[in-house]
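Each chain, letter by letter, is given below.
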Amino acid sequence: MAGVPRRSVIPGAEPFEHDGGDIGVLLVHGFTGTPQSMRPWGAFLAEAGLTVSCPLLPGHGTHWQEMNTTTWHDWFGAAEDAFNRLRQRCPTVFIMGLSMGGTLTLRLAEVHGSAVAGVVTVNPSLGTDRRVAALAPALSRFVPGVIGVSSDIKAPGTAEVAYRRLPLRAFVSLRELWALTVADLGRITSPILTFRSRVDHVVEATSGRILLEGATSCAVSERILENSYHVATLDNDRQTIFQGSLQFVDTHTVVSG
């Protein structure tokens, strides 16, 4: 977008990697979010000996207007590049994501099939019940952004490093990603573990139902988080997510020899 200066990365929003063993995990953050929301999860998995990668998606972690210069193709491309680099390093790779990061991991599983050992999602977004969302394509021509929803966290004193405004052109592209991913959920053959917060002020329960009803060619297990809001990876139930994802890796890792 003309007139939008390129900004430096917000402190705390940086991507991260941990070099570990032969099992790799790709972590993908959410829409308008940053790797900060995934860092404790990544540290937990790294402590268990896994190789971990969490990229900063294009348009994120700088200034919200930069997101309007990117689309879902850019976000998916960055996640796919990180996935392919992990595959070069690790014979077994799991993919895990929060919110839109969950959407992107599901799309990766649709595209890459058996190369994905398993998928873990936390409050993945696959649609919305908000009728106003249908106005976004028209509104985005005149209004670059609206007030967003970040730091939807129940735990006191915890904040998410994320944009406070929602970039409308980027949101329109997110809706395109939703449609494509939902249409292809039946292609996923990798096992899925999904965590859903009982109370989520960002992603409605509809997304959870879409995932369970659409992923018909694989095993899907849903766990409800009773004490966290949307950014559950930083919230009261984070240890449930961390430990559950590690158990999922252990269960679905094929040991040869």
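Residues numbered from 1 in each chain as written. Predicted model: local features only at pLDDT ≥ 70, side-chain atom pairs only at ≥ 80, totals over all residues. Heavy atoms only, no water.

Caption draft 1: A look at the packing of aromatic side chains. Taken as a whole and judged by the stated rule, the model has six aromatic pairs. A centroid spacing of 6.3 Å and a plane angle of 15 degrees characterise the contact between tryptophan 41 and phenylalanine 242, whose relative ring orientation is stacked. Placement of the pair is tryptophan 41 in helix H1 (residues 39-47) and phenylalanine 242 in helix H8 (residues 238-252), with a sequence separation of 201 residues. A relative accessible area of 0% places tryptophan 41 in the buried class. Residue class for phenylalanine 242 comes out buried when judged on its relative accessible area of 2%. Summarising the aromatic geometry, the rings of phenylalanine 171 and tryptophan 178 are spaced 5.8 Å apart at their centres and angled 85 degrees between planes, so their arrangement reads as edge-to-face. (Phe/Tyr/Trp six-rings, centres within 6.5 Å; stacked < 30°, edge-to-face > 60°. Helix = DSSP H or I, 4+ residues; strand = E, 2+ residues; numbered from the N terminus. Buried < 20%, exposed > 50% of the residue type's maximum accessible area, 1.4 Å probe, protein only.)

Caption draft 2: The arrangement of the side chain of threonine 51 in detail. Relative to the assigned elements, threonine 51 resides in strand E3 (residues 51-54). When residues no more than four places from it in sequence are discounted, the contact partners of threonine 51 are His18, Asp19, Gly20, Gly21, Ile23, Gly24, Val25, Leu86, Arg89 and Cys90. (Contact = heavy atoms within 4.5 Å.)

Caption draft 3: Inspection of the pattern of salt bridges at higher detail. Taken as a whole and judged by the stated rule, the model has seven salt bridges. The salt bridge partner of glutamate 110 is arginine 107, with a shortest N-O separation of 2.7 Å. Highlighted residues: glutamate 110 and arginine 107, both in helix H4 (residues 100-112), separated by three residues, approximately one helical turn. A salt bridge links aspartate 184 to arginine 187; its shortest N-O distance comes to 3.3 Å. Aspartate 184 sits in the buried class, given a relative accessible area of 16%. Because the salt bridges share partners, they merge into one network encompassing Arg107, Glu110, Asp184 and Arg187. (Salt bridge = Lys/Arg side-chain N within 4 Å of Asp/Glu carboxyl O.)

Caption draft 4: Region of interest: H4. In this model H4 runs 18 Å from its N-terminal to its C-terminal C-alpha over 13 residues, within 8% of the 18 Å that 1.5 Å per residue would give. The buried fraction of H4 amounts to 12 of the 13 residues, a majority that puts the element mostly inside the structure. For H4, every residue scored as buried is listed here: Met100, Gly101, Gly102, Thr103, Leu104, Thr105, Leu106, Arg107, Leu108, Ala109, Glu110 and His112. Positive phi shows up at glycine 113, right after H4, with a value of about 50 degrees. (Expected span 1.5 Å × (residues − 1).)

Caption draft 5: Main features of the pairing of strand E4 (residues 92-98). The element E4 is extensively covered by neighbouring structure, given that seven of its seven residues are classed as buried. The alternating pattern of E4 places Thr92, Phe94, Met96 and Leu98 and Val93, Ile95 and Gly97 on opposite faces, both of which are buried. Pairing between strand E2 (residues 23-28) and E4: six bridges, direction parallel. Counterpart to isoleucine 23 in the pairing with E4 is threonine 92. Two elements, E4 and strand E5 (residues 118-122), share five bridges in a ladder whose sense is parallel. For methionine 96, the partnering residue across the bridge sits in E5 and is valine 120. For the crossover from E4 across H4 to E5, the handedness is right-handed. (Pairing = 2+ DSSP bridges. Right-handed = clockwise from strand over helix to strand, strands pointing away.)

Caption draft 6: Representation of the confidence of the model for the protein in the model. With 92% of its residues at a pLDDT of at least 70, the protein reaches an overall mean of 92. Every residue in residues 1-5 scores below 50 in pLDDT, and together they form six contacts with partners more than four places removed in sequence or on other chains. (pLDDT = per-residue confidence, 0-100.)

Caption draft 7: Broad picture of the sheet that holds strand E1 (residues 16-18). Strand order across the open sheet formed by seven strands is E1-E3-E2-E4-E5-E8-E9, with mixed pairing between neighbours. Across the chains shown, the open sheet's two edge strands, defined by having one partner strand only, are E1 and strand E9 (220-225). Across the sheet, the mean angle separating the axes of adjacent strands is 15 degrees when strand polarity is ignored. The pairing of strand E8 (residues 192-197) with E9 spans six bridges and is classified as parallel. Note that in E9 the partner of serine 197 across the bridge is leucine 225. Contacts between H8 and the sheet are confined to E2, E4, E5, E8 and E9, with E8 contributing the most and set at about 170 degrees to the helix. (Axes fitted to C-alpha atoms, helices over the stretch in contact; angles between N-to-C directions.)

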